[in-house]
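One-letter residues, chain by chain:
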Amino acid sequence: MDQETSAYDLKPWTRHYGDAIASRLPPLRHANLAGLIRDCERRFAKQIAFTTCMPNGMNGSLTYAQVARHSDAFAVYLRECVGLAAGARVAVQTPNCLAYPVAAFGVLKAGCVLVNTNPLYTPTEMEHQFKDSGAEALVIVDMFANKLEGVLAKTGIRKVIVCQVPQFLPAIPRAVIRAVMKVWNRVLPPIAIAHVQLGRALAEGERAKKEKRIDVASYASALERDTLAVLQYTGGTTGVSKGAMLTHGNLLSNLDQALAMGRARIVDGGECVLTALPLYHIFAFQFNLLCFFACGARNVLAPSPRPIGNLQRAFENFPITWVSGVNTLFNALLNEEWFTAFPPRYLKAAVAGGAALQHAVAERWERVTQTRIAEGYGLTEASPVVSFNPLTGVQKPDSIGIPVPGTEVRLVDDAGQPVAPGQPGELIVRGPQVMAGYWKQAQETASTLRDGWLHTGDVAVMDADGYFKIVDRKKDLVLVSGFNVYPNEIEDVIAQMDEVLEVGVIGVPDAKSGEALRAYVVPLAEGLTEEAVRAHCRKHLTDYKLPKAIEIRKELPKSPIGKILRKELRAEYARAAGT
Amino acid sequence: MLTELETRLLGVLMMVIMLGMGASLTFKDFRIAFRKPQGVLIGLLCQYGIMPLLGYSSAVLLGLPPAIAVGLLLMGCMPGGTTSNIFTYFSKGVLALSIMMTVCSTLVAVLMVPLLLAFYGNLMAVSSEYVIPAANVAQVLFVLLVPTVIGIALRKFNPNVGAVIELIGALLGVFVIVFLIGSWVPRNWSLLMTTPWSVYLAAIGLGVIGMLLGFLLSRGLKQDRRRARTIALETGIQNGPLAVLIVTLTFTGTMQQEVLLIPVLYSLFIVLTSTAVTIWFRRVTTREDLARDQAKVPTALQPARA
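Small disclaimer: the values here were computed from a predicted structure and weren't measured.

As a further point, take the sheet that holds strand 2 (residues 59-63) of chain A. Think of a sheet as strands paired side by side through backbone hydrogen bonds, with each pair either parallel or antiparallel. All names here are of chain A. What the nine strands build is an open sheet, ordered 2-1-11-10-12-13-14-15-16; its pairing is mixed. Of all strands in the sheet, those with a lone pairing partner are strand 2 and strand 16 (402-403), marking the two edges. By the bridge criterion, five bridges tie strand 1 (residues 48-53) to strand 2 in an arrangement that is antiparallel. For Thr52, the partnering residue across the bridge sits in strand 2 and is Gly60.

Here we come to the interface of chain A and chain B. Chain A puts 28 residues into the contact, and the matching count from chain B is 20 residues. Mapped onto the side of chain A that touches chain B, the elements with two or more residues apiece are helix 5 (171-184), helix 9 (312-317), helix 10 (327-334), helix 11 (337-341) and helix 12 (359-369) of chain A. Its residues assigned to classes, the side of chain A that touches chain B shows 15 nonpolar, seven polar and six charged.

All names here are of chain A. The eight strands are arranged 7-6-5-3-4-8-9-19 in an open sheet whose pairing can be described as mixed. Of all the strands in the sheet, the pair left with one neighbour each is strand 7 (196-197) and strand 19 (437-438). Note: strand 3 (residues 89-93) against strand 4 (residues 113-116), four bridges, orientation parallel. Counterpart to Val90 in the pairing with strand 4 is Leu114. Sheet strands in contact with helix 7 (residues 248-262) are strand 8 (228-234) and strand 9 (242-247), and its direction is about 70° off that of strand 9.

For the rest of this paragraph, the subject is the nonpolar core. With 244 residues, the main nonpolar core has Leu78(A) and Val90(A) as its most contacted residues. Looking at this core, the element that brings in the most residues is helix 13 (residues 253-294) of chain B, giving 12 residues. Setting aside residues up to four positions removed in sequence, Leu78(A) forms contacts with Leu84(A), Val90(A), Gly106(A), Val107(A), Ala110(A), Cys112(A) and Ala137(A). Within the second largest apolar cluster, 19 residues are counted, among which are Val485(A), Val493(A), Val521(A) and Val533(A).

It is worth spelling out the confidence of the model for chain B at this point. Scored by pLDDT, chain B has a mean of 87; 94% of the residues are at 70 or more. Within chain B, no element has a lower average pLDDT than helix 9 (residues 189-194) of chain B, which sits at 82, and none a higher one than helix 11 (residues 225-236) of chain B, at 95.

Glancing now at the pairing of strand 4 of chain A. All names here are of chain A. Neither face of strand 4 is left uncovered, since the one carrying Val113 and Val115 and the one carrying Leu114 and Asn116 both have all their residues buried. Handedness of the crossover joining strand 3 and strand 4 through helix 3 (residues 99-109): right-handed. Inspection of the sheet shows strand 4 paired to strand 8 by three bridges, in the parallel sense. Following the sheet pairing, Asn116 is matched in strand 8 by Gln232.

With that settled, the discussion passes to unusual backbone geometry. Looking along the chain, the bond that leaves Arg306(A) and enters Pro307(A) is cis, with omega of -5°. With respect to the helices, strands and loops of the structure, Pro307(A) is situated in the loop between strand 11 (298-301) and helix 9. Across the junction of Ser383(A) and Pro384(A), the peptide omega takes the value -10°, indicating a cis bond. Tracing the sequence through the fold places Pro384(A) in the loop between strand 14 (373-378) and strand 15 (385-388). Of note in the backbone geometry, Ser481(A) takes a positive phi value of approximately 45° without being a glycine. Within the element layout of this structure, Ser481(A) appears in the loop between strand 23 (478-480) and strand 24 (483-485). The backbone of Lys92(B) sits at a positive phi, close to 60°, despite the residue not being glycine.

What counts, and at which threshold
- Residues numbered from 1 in each chain as written.
- Chains lettered and ligands numbered in written order.
- Predicted model: local features only at pLDDT ≥ 70, side-chain atom pairs only at ≥ 80, totals over all residues.
- Pairing = 2+ DSSP bridges.
- Helix = DSSP H or I, 4+ residues; strand = E, 2+ residues; numbered from the N terminus.
- Contact = placed C-beta atoms within 7 Å.
- Nonpolar A, V, L, I, M, F, W, Y, C, P; charged D, E, K, R; others polar.
- Axes fitted to C-alpha atoms, helices over the stretch in contact; angles between N-to-C directions.
- Core = buried A, V, L, I, M, F, W, Y, C linked by C-beta atoms within 7 Å.
- Buried ≥ 20, exposed ≤ 12 C-beta atoms within 10 Å, placed from the backbone.
- pLDDT = per-residue confidence, 0-100.
- Right-handed = clockwise from strand over helix to strand, strands pointing away.

See the structure below:
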């Protein structure tokens, strides 16, 4: 990278930190996540750490002390009973429930590496992730354990631990929920593979701990800042899912960075955060799980936010002060009478990430709840937070805000040279939160991490205040007869139509123009025609930006948190064109 | 008819069911229902406007004999039945609104039922002195309100206890519905065989057309779809047992038997038709829930779709 100072290196955004945000962060207080977790468990011992709230209001909780006891027992179980060594990978595959923090913290305390796994994965995806990560043990929710049948033998998994969504709930509600799941919803298929129930594993761990007089803290004593903590799989740029290596230092640093942006509004031991996004996703993992555990908050876990009415009892029964979400979640809440008529009374702020927050959603949220949604930007490879709109200060609509403290950000051209402020360029990031690399993917790592700079593949612009705005994905850029077209712009135009629910635009090879735009449109109701979309586009877009083909369809491929997957659309088109 | 013991047992079951219904609710649910208080008024309008008129006009149109016509008219003038709340619960309607409508129509019944009977009775020239058992109306309110309030309190006190009771109430609700259907048909087989088609039509039509008109009127008066469905169920489902009681207190001998025909038939068929309608409404509601999940946020330029 060049030596001269660019506009980005002057960090014009720091003047918007104000008094509330420290521009320099103190050194990390803990050597590893296990140390932080243990420290919080001691500080907030008697307070409630996690609550699972089912859609019908049934709930159960664990205090910080109970989390400590169970996760210690689980750590001992992994090390002594399963016989794992430090650094062994342990996959955790469950929706939000009390078993998740127990298992995840247990893995970290054992000095093992946590492999977050989406419970909705297909057997093929599971096989790839388990084999690639070399997972030796797996914690899986009973609902999906039957998917392991054809997969398990092909992986290195030696022990399967099965947990339940109503785990740790009082006996009667737990039995009722399981009966309903089994008889009414029929989502508890019999499990044919050898496994142990989490409750049993914890009891064995507890016994081993007593018999062998184990000091659980010793498992983590050798873990350092640059020791691998979590393998977080991401689709990334090439399609095949790969594991971002997040170290203890990465996650601890990003925790401090993210917290710095909201610290002024957080009271230690006095917050209640609603977790409707899945904890296996990096956003909720860092923001909801780690950040708010570090603040002694009560974390209300919702196993499934769909339909959105599932969150009603959580909002009614708990004094929610913070909520994290993606655009679709906030949108859905704002469509509910129970939410808009009686917005959460204690709410302080909401945090959005994952996908662009729509203007209309942000505005209406502020009107309904009298609080702001702070939109941020991050990616798995950065543990994940890169930038946020400050809660205390200027917030800009459609902007991803300003970089978090201790983060360097530049926008560069194809040659790696910083572009002039106001010009679009690829966003690159350097800081303590940037991953160590991709697991066993030296080539991918080398192309993504250059001189310590993480190349995000996102094209952004910076305004005079140092606020950033994402233009689009670099790889999604379409070159139509030599003109640059960003699919986002076309999608925004089409999405303005009342009849359109959602839209995805991609570039496909074209004999005449090199590349051509292709739009996939999901209508809100039947009756939307290609011609109507075309007419609308003609009104708002110049010629070369007009989609050449428009396809009306029922749904679009999406990621677990609701991002439209253009790469799937491209693959689908390529398959169709190839045959 | 049911035996004394069965009636008592059913009464107890109804209380447990209402306890469960109450346990599914919070006070906030009532506040949400009351954000549009016209819902309750529209419910009353349907209950005492549409239903008696429907009873009267079908009696005239079908040319029913006087005794049967009296039974039909009486059925039309009844307040909403408690079972409407169970069906509303299962159809994912606005339960709080349903309960408030039942309470209001039952309260008003003491005044409205004699007035309406006198008015339409005059039109049909079958006027008679009806005995309205105020004590029984009070009992209906008691069975409805007390368990509901206890249920709500339990849910507030401990959501886990509330949710378990809700489930028990729901299971009992299904049981009672199945029991009513299962036990009614064999007992009244001969009655079913000898009843003319016009009486069937009147007994079934009162409920079904009542629901349809209730839905249309509520939609016409700008109630949202979920509320309109709730009002529809409330309108169509009348308090059958109360009608039976009034008949037995007012009439004697063969006259009593004839007047009873419609209330008895109605009580059977309303359970059947409401079950079908509930299953249908439940599907529609689920579909709407999922669609609303994805719908665009209403803005100044794009107001919410009703």
